[in-house]
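# Residue-level structure breakdown
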Amino acid sequence: MAEPDQGQVNNKGTGTVKKPDKRGQETDNLVIARDENIIRIEHISKIFRTGHREVIAVNDVSFDVKKGEIFGLLGPNGAGKSTLIRILTTLMKPTSGRAFLDIYEVTKDDEKVRGIIGVCPQNSTLDIELTAYDNLEFYGKLVNVDDNLLDERIWELLKMADLSDRAHSRVSTLSGGMRRKLEIVRAFLHRPLILFLDEPTIGLDPEARREVWQQISMLNTEKITIILTTHYMDEAEKLCERIAFVDHGRLVSLDTPANLKLAMPAGELIELGYDQMNDSIISIIRNNHQVISVEKKDGILQISAKNGSNLLPVLIAEFEKSAITITSISIRSPSLEDVFLYLTGKKFGDMTSDGPVIHSGGSL
Amino acid sequence: MLRGAIAIFRRDFKKFTSNPFMLIMTLAMPIMYLLIFGNAIGGTITGIPIGAVQEQPYVHETALYSAGIDQLERFHTQPDKPALFHVRVFTGEPMAKKALADGEIMAYVVFPSDIEPARTIRLYMDSSEYTVPALVQSGITGAIAATGAKNPIEAVNVYGVIDYLQFFGVGVIVMAIFMTTMFGGGLALIRDREMGIIEGYFVTPVKRSSIILGTIGSGTVKAFFAGFIIFLIDIFIAGVIIRSPDDFLLVLLVLFMTSIGVTSLVVSLASRFSSQQEYSSVIAFFSLLLFMTSGAFYPVLGMPSWLRWITVINPEFYAVQALRSIILRGQGISVIWFDLLALAIFSAGAIALGIMTYRRTLE
C-alpha cells in the first residue's frame, strides 16, 4: 500500500499533467533518470611506479555521471583521461579509491561491469583481416548477444554506421572514418548501459569527424550514457551535456559547457593588432574598471573585459590618442578553450596527438 | 646520397646494439648451425643393436657361430670409433624375431646349425631407418668374411624396401606441426596483441579461461591439420602403407598429442615476447634445434652422446619415433607406449605452462 502513495507524491512534485493511466509509470522513470547517477567515482588515484620514478596519473578524482547524459572528459594528452577510462572499464586497478558503474564496483565485480559497458578504445581493436560483418559477429558472441538476434542487430548497426554496402569488405579496405564508426557501433552491439568512447575522432578528417559526431548523437537518443574523452574542445562543446576538465591527473572543473563559460571572469575577449606599442597605454587600459586582464603577445593586445562591446570604442579612442595604429580588431565570447586556459594556465594548442601505443603483456 | 645511407646505417646499428637479446641470438644462430648441424647429420653411426642366434636344431655352439659373434663384436668401420655393433645373443630365433619386432634390435643374424660352407647365413633387418640397413649388411658381410667362412649371406628387409622419401616423409609430419605452429600460430598471437585485439577481449564479459581455451584450441586444430595434410601426402605420394584402422587412429592420436603440446608451448612463448622480431629469432633457433635432433633427417645413432641428451628431452624425437613405429613398422601400443608417455608428459607440462604464462598476460 505504501508504493502507490509514493507515486502520488512524486506526481505532485514534478507537476506534469498527463493521462492518468500512464502517469505513474512515466514519472517514476523520470525520477529515476533524474536522480540516479549511473557512475560514481570516489577518490580514485592511480600511481605508476617505474624504477624510482613515480607518476601520478590520476590524483584523487571524484565525480558522478548521470544516467543518459553525454559526459565529456576533457584534457590535454597525458592528463589522465585514458587512465581513468581504463580504470572504469576494468582494464586497470586504481591505486586507491572506488568507482561504481550502476550497482557494481569496478575492482570487485569486474565481470559484471564488463557486461554493462561498451568500449571503443583510443587504439583500434578491430581485426583488420576480417570483414566488417565478421568483426561485429565475433564481438557479438564475446558480449553474449543472443544468436537468434545477432544477425538482425548487426545489420541494424551497419545501417546506422552507413556501412551496409561494405558489410563484407575487409576492415583493412575501409577508411579511417569508416573503421571508427564501425568500432563505435560495435561497442554498442549489446546495448550497454554505458558507452565509453576514448578519443573517438582522433586522426580523422573534418568530414569523418562530423559523421562520427552524428553517430554519437544518434546513439544518445537511445537513452544510453556516453562517456567521451577528447582533447578537441569543439567536439566536447558540440556533444557533451556536462564536461569534466582534467589536467595533471586532477579534476579541475566539472559543469555544463554554458556554466563553465560563465565561470570565466571575463565577459569577452578583445584582440587588437598593432604596429608599435608604448607601455603607457597598457597601464591606461589596465586602469579601466571593466578590464580584467591585458596581455601583449606577438603584435596583438589581448584584453579580457566585462561587457567588452561597450568597452571597445573607448579602447579605440585611447589608441588614437596615443597615435598607435590598430591593424586588426576582433571581439568574441570565450570558448571552452579559453575556459581551460583560464583554469589551468595551459594552452591546448601546444598538445600534439598521441602516437599509437602498443599495450602488450610481454615482459622481455 | 652517402649522408642518407650513413643515417640509415647508424639507425639500424643503434637499434641492433641497443638490444642485447637480439645481439646474443644473432651470435647463437650460426654457432648452433655449426655444432648441431655438424654433429646431427652425417656422424659416424656406431653401436647398432643387433642380435645373433644359432639355427635349430641346436646341438652345440658351432665354431662359425662363436667366431661370428666374436668378429661382429669387434667390427669397426673406423679404428678410432666404438664398435659398429652392439651384439645380443639369443637362444632361439623366435626371441630374436620378437626383439626386432619390438624395436629392441635393428637386425639379427641367424647362423646355420652346422658348419657346412654351403649353408646360408640369414640376416633379418629393420629397413625403416635411413642408412642403417646398408651399414648392417656391409658390416655383417665384413665380419663373416673376417672369420674366414665362405657361407652365402641371405638378407631380408623385414618391413620391405623403404626409400628415403618415406623415411623422411614421416619426420616431416612432425616438422609440419612444429613449424606451422611456432611460426604461424605464435606470430599471429603476437600480432593480435600488437593490434590490440586481445586487449579488446578484456572489456567484454568473456572469461579469461574462454580466451585461453579458444586460443589453444584453434592453434591445436591448425597444427593438427598441417600434420594431417603431410600424412595424406605421405600415403598418396610417398607411398607409405597404413596397415589397419587401428594404426590410422594411433597416428591421429600422436598428431593430436603433439599438436596440443606444441601449441601450448608456443602460446606460452608468445606470451613472453612482446616483439615479433625477438620471438622469431628465438623460435627459429628452437625449431631448428628440435628438428635437427629429432632423428627425422638422420638416425639418432649417428649423433654424439651430448647431442643425444637433447634428443632425450626433445618431444619432436618421441613424436617422430612413434609415427615411424606405427607407419613404417606397423608396431602398436606395446612398442610406442614409452613415446606416448613422453609426449603426454610434454603436452601436459606445456598446457600447464601455456595456461599459466598466457593467463599472466591477461591479468
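As the structure is a prediction and not an experimental result, all values here were calculated from the model.

## Overview of the overall build of chain A
Broken down by element type, chain A carries 13 helices and 14 strands. Relative to its full complement of 364 residues, chain A shows a buried share of 33%. In chain A, 68% of the contacts between residues at least 6 apart in sequence involve partners at least 24 apart.

## A few points about the overall build of chain B
When helices and strands are tallied, chain B shows 13 helices and five strands. Out of the 363 residues in chain B, the part that is buried amounts to 40%. At a minimum sequence separation of 6, the contacts of chain B that also span at least 24 residues come to 80%.

## Some details on the sheet that holds strand 6 (residues 117-120) of chain A
Residue and element names in this part refer to chain A. Pairing within the open sheet is mixed, and its six strands lie in the order 6-7-8-3-9-10. The open sheet has two free edges, formed respectively by strand 6 and strand 10 (250-255), since each of these has just one partner strand. Neighbour-to-neighbour, the strand axes of this sheet turn through a mean angle of 15°, independent of strand direction. Sheet topology note: the strand 7 (residues 194-198)/strand 8 (residues 225-230) ladder contains five bridges and is parallel. When the bridges of strand 8 are listed, L195 appears paired with I226. Relative to the sheet, helix 7 (residues 176-187) contacts strand 6 and strand 7, its axis offset from that of strand 6 by approximately 165°. In this fold helix 8 (residues 206-220) packs onto strand 3 (70-74), strand 7 and strand 8, with an angle of close to 155° to the strand it touches most, strand 8.

## What to know about the sheet that holds strand 2 (residues 53-66) of chain A
Residues and elements named next belong to chain A. Ordered in space as 2-1-4-5, the four strands form an open sheet in which the pairing is antiparallel. Two strands in the sheet have a free side with no partner beyond their single neighbour: strand 2 and strand 5 (104-105). Where strand 1 (residues 37-50) lies against strand 2, ten bridges are found, and the strand directions are antiparallel. Along strand 2, the bridge assignment pairs F48 with V55.

## Describing the interface of chain A and chain B
Each side of the interface is counted separately: chain A has 22 residues, and chain B has 19 residues. When residues in the side of chain A that touches chain B are grouped by element, the largest group, three residues, is from helix 4 (residues 110-116) of chain A. When its residues are assigned to classes, the side of chain A that touches chain B shows eight nonpolar, eleven polar and three charged.

## Let's talk about the packing of helix 12 (residues 315-327) of chain B against helix 13 (residues 333-362) of chain B
All names here are of chain B. Relative to each other, helix 12 and helix 13 sit at 150°, their axes nearing to 9 Å. For the pair helix 12 and helix 13, the sense of crossing is left-handed. Contacts from P315, Y318, A319, Q321, A322, S325 and I326 in helix 12 reach V335, I336, D339, L340, A342, L343 and F346 in helix 13. Classifying every residue of the contact of helix 12 with helix 13 by side-chain character gives eleven nonpolar, two polar and one charged.

## Comments concerning the pairing of strand 14 (residues 326-332) of chain A
All names here are of chain A. With zero of its seven residues buried, strand 14 lies for the most part at the surface. Bridge count for strand 11 (residues 268-274) against strand 14 is six bridges, and the pairing is antiparallel. Pairing of L269 across the sheet is with R332, part of strand 14.

## What to know about the environment of A:Y232
Examined against the element boundaries, A:Y232 turns out to sit in the loop between strand 8 and helix 9 (233-239). The spacing of A:Y232 and A:T201 is 31 residues in sequence and 8.8 Å in space, taken between C-alpha atoms.

## Some details on the domain arrangement of chain A
All names here are of chain A. Domain boundaries assigned for chain A yield domain 1 (37-261) and domain 2 (264-346). When each unit is reduced to the centre of its C-alpha atoms, the spacing between domain 1 and domain 2 is 39 Å. Listed by partner, the interface residues are eleven residues for domain 1 and ten residues for domain 2. Those elements giving two or more residues to the side of domain 1 that touches domain 2 turn out to be helix 9, strand 9 (242-247), strand 10 and helix 10 (257-263). Each residue belonging to the side of domain 1 that touches domain 2 can be placed in one class, and the counts come to seven nonpolar, one polar and three charged.

## Here's the deal with the domain arrangement of chain B
Residue and element names in this part refer to chain B. Taken domain by domain, chain B comprises domain 1 (48-157) and domain 2 (164-362). For domain 1 versus domain 2, the distance between C-alpha centres works out to 38 Å. In this complex, domain 1 contributes eight residues to the contact, which on the side of domain 2 involves eleven residues. Considered class by class, the residues forming the side of domain 1 that touches domain 2 number three nonpolar, three polar and two charged.

## Considering the pairing of strand 4 (residues 96-101) of chain A
All names here are of chain A. Of the pairings in the sheet, the one linking strand 1 to strand 4 comprises five bridges and is antiparallel in character. Residue pairing in the sheet places I39 in a bridge with L101 of strand 4. In this sheet, strand 5 lies alongside strand 4 in antiparallel orientation, the contact comprising two bridges. Residue F100 lies in a different strand from strand 5, and its bridge partner there is E105. Linking strand 4 back to strand 5 in an antiparallel pair, the connection comprises two residues, with D102 at a positive phi of about 55°.

## A closer look at the confidence of the model for chain A
Predicted coordinates in regions of low pLDDT should not be interpreted in detail. All names here are of chain A. Averaged over every residue, the pLDDT of chain A is 79; the share at 70 or more is 84%. In the predicted structure, residues 1-34 sits below a pLDDT of 50 and forms 15 contacts with residues beyond four places in sequence or in another chain. Contacts from residues 348-364, a stretch scored under 50 in pLDDT, to residues over four places away or in other chains number 31 contacts.

## Regarding the environment of A:E241
Residues and elements named next belong to chain A. Along the chain, E241 falls in the loop between helix 9 and strand 9. As for E241 and N59, which are separated by 182 residues in sequence, their C-alpha atoms are 24 Å apart. Not counting chain neighbours up to four residues away, the residues in contact with E241 comprise E69, I70 and T256.

## Focus: the nonpolar core
By size, the foremost hydrophobic cluster in this structure holds 70 residues, and its most contacted members are A:F196, A:I226 and A:L228. When sequence neighbours within four positions are dropped, the list of residues in contact with A:L228 reads A:I70, A:F71, A:G72, A:L73, A:L197, A:P200, A:L239 and A:C240. By size, the runner-up hydrophobic cluster in this structure holds 60 residues, among which are B:F291, B:I327, B:A342 and B:F346.

About the cut-offs
Residues numbered from 1 in each chain as written. Chains lettered and ligands numbered in written order. Predicted model: local features only at pLDDT ≥ 70, side-chain atom pairs only at ≥ 80, totals over all residues. Helix = DSSP H or I, 4+ residues; strand = E, 2+ residues; numbered from the N terminus. Buried ≥ 20, exposed ≤ 12 C-beta atoms within 10 Å, placed from the backbone. Contact = placed C-beta atoms within 7 Å. Pairing = 2+ DSSP bridges. Axes fitted to C-alpha atoms, helices over the stretch in contact; angles between N-to-C directions. Nonpolar A, V, L, I, M, F, W, Y, C, P; charged D, E, K, R; others polar. Left-handed = near helix turned anticlockwise from the far one by under 90°. Domains from an automatic or database assignment. pLDDT = per-residue confidence, 0-100. Core = buried A, V, L, I, M, F, W, Y, C linked by C-beta atoms within 7 Å.

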